[in-house]
Amino acid sequence: MKLTRTSVFQSLFAMALIVSACSSDDAATDSTADTTAAEAETSAEPGDDAFTPGVLDSGATVATFDEGEVKVHTYTNPEAGFGNSTIVVETENAVVLIDSHFAESSASEFRAFAESFGKPIERLILTHDHPDHIGGVEPVFGDVETYSSAGVVSGAAGAGTTIKNTLDAGTVEIDGVEFVFDVFVDAEAEEQVVISVPEAGLVAAGDLIYHQYHAVMTPTFDNWISILEQLAAADDVRVVVPGHGAPGGPEVFDDIIGYLETARSTYAESDDAESFNAAMVDTYPDRAGANLLEFGSDRLFPKS
Ligand SMILES: [Zn+2]
């Protein structure tokens, strides 16, 4: 059997989920300290009382960014679920979803959140092929049209998940609203789709951004940082949704760029994963998801 990068991640995420589920009964409620940025930016116009912005019983945090005609709703897992953030873009007659979760239970709750707005799901866009973003695609969203770039569709297929449609970089109009797709390679993932909705000021950056979370690293720091600088330079960005951690405003770019610059210099001085990961946790003791650092270890060391 060919062991793909995605299938290796699948095993790591499965193990981490079991460990976090066993280690603490209240992990889900202990890990919401990083939601302040979302709370500061939210407004109270959810589609359903069951999803009033705040923390759900599952530990997930939901928020709404009221951008007028186009609303952006976010669903963020607790740390025990890797802090993944997924998105509902609500247009006049439909909802467009961005990303799924590792656990089927999280994907199901995210779907219920999306359906609470009372509009049909026009499509689900997957930002990249890592298992914490495409879990639940078939069991929970099997009846939904799914989309990603050719490289992501192919990577997901290698891990046993079918994404039905391929999208190209460029602009597509959905329900009268412009969605802009950019495809980037050789950063956190081998290939990653970034979705921008200018009318909502939204940039959905997938795992190019970990906000107040430790990241799964690669040695391609220069490319990764330069992509982020390019995204940060766009006009009128008001809502930035990371792949992991709470959504916020443009300051989220500063958080991840500073973190990656530190990681780049720390990596230059580190000889093995253990010392690199320990130094990052030491420098950023308040960042959640320290276990995510371990997922990148075999990409960083041994140095080539
Ligand atoms: Zn991820």
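Here, every reference points to the structure presented above.
Rules used throughout
- Residues numbered from 1 in each chain as written.
- Predicted model: local features only at pLDDT ≥ 70, side-chain atom pairs only at ≥ 80, totals over all residues.
- Core = buried A, V, L, I, M, F, W, Y, C linked by C-beta atoms within 7 Å.
- Buried ≥ 20, exposed ≤ 12 C-beta atoms within 10 Å, placed from the backbone.
- Helix = DSSP H or I, 4+ residues; strand = E, 2+ residues; numbered from the N terminus.
- Contact = placed C-beta atoms within 7 Å.
- Expected span 1.5 Å × (residues − 1).
- Arc of directions from axis to C-beta.
- Pairing = 2+ DSSP bridges.
- Axes fitted to C-alpha atoms, helices over the stretch in contact; angles between N-to-C directions.
- Parallel < 35°, antiparallel > 145°, perpendicular 65-115°, else oblique.
- Left-handed = near helix turned anticlockwise from the far one by under 90°.
- Nonpolar A, V, L, I, M, F, W, Y, C, P; charged D, E, K, R; others polar.

Asker: Give a description of the nonpolar core that names residues and reports values.
Answerer: With 78 residues, the main nonpolar core has Val 89, Val 194, Ala 204, Ala 205 and Leu 208 as its most contacted residues. The greatest single-element share of this core, amounting to six residues, is contributed by helix H9 (residues 251-268). Ignoring sequence-local partners within four residues, the contact set of Val 89 consists of Val 70, Val 72, Val 95, Val 96, Val 197, Ala 200 and Leu 202.

Asker: Which residues make up helix H8 (residues 221-232), and what values do they have?
Answerer: For H8, which comprises 12 residues, the first-to-last C-alpha distance of 16 Å matches the rise-based estimate of 16 Å (1.5 Å per residue) to within 8%. Listed in full, the buried residues belonging to H8 are Trp 224, Ile 227, Leu 228 and Leu 231. Burial along H8 is one-sided: seen end-on, the buried residues are contained in an arc of 95 degrees. When the buried face of H8 is taken as reference, the exposed residues oriented beyond 90 degrees from it are Asp 222, Glu 229 and Gln 230. Tucked inside the fold, the buried residues of H8 contact strand E10 (177-185), strand E11 (191-197), strand E12 (202-204) and H9.

Asker: Residues and numbers for the sheet that holds strand E6 (residues 121-125), please.
Answerer: To summarise the sheet geometry, strands pair through backbone hydrogen bonds and adopt either a parallel or an antiparallel arrangement. Pairing is mixed in the open sheet, where eight strands are placed in the order E1-E2-E3-E4-E5-E6-E7-E8. Each edge of the open sheet carries a strand with a single partner, namely strand E1 (54-55) and strand E8 (165-166). Seen against the sheet, helix H4 (residues 104-115) touches strand E2 (61-67), strand E3 (70-76), strand E4 (85-90), strand E5 (95-98) and E6 and runs at an angle of roughly 20 degrees to E4.

Asker: Outline the packing of H8 against H9, supporting the account with residue identities and numerical values.
Answerer: Their axes nearest at 10 Å, the elements H8 and H9 cross at an angle of 165 degrees. In terms of axis orientation, H8 runs roughly antiparallel to H9. Seen from above, H8 lies across H9 with left-handed handedness. Each of Phe 221, Trp 224, Ile 225, Leu 228, Glu 229, Leu 231 and Ala 232 in H8 lies in contact with H9, whose residues at this interface are Phe 253, Ile 256, Ile 257, Leu 260, Glu 261, Ala 263 and Arg 264. Considering only residue class, the contact of H8 with H9 consists of 11 nonpolar, no polar and three charged.

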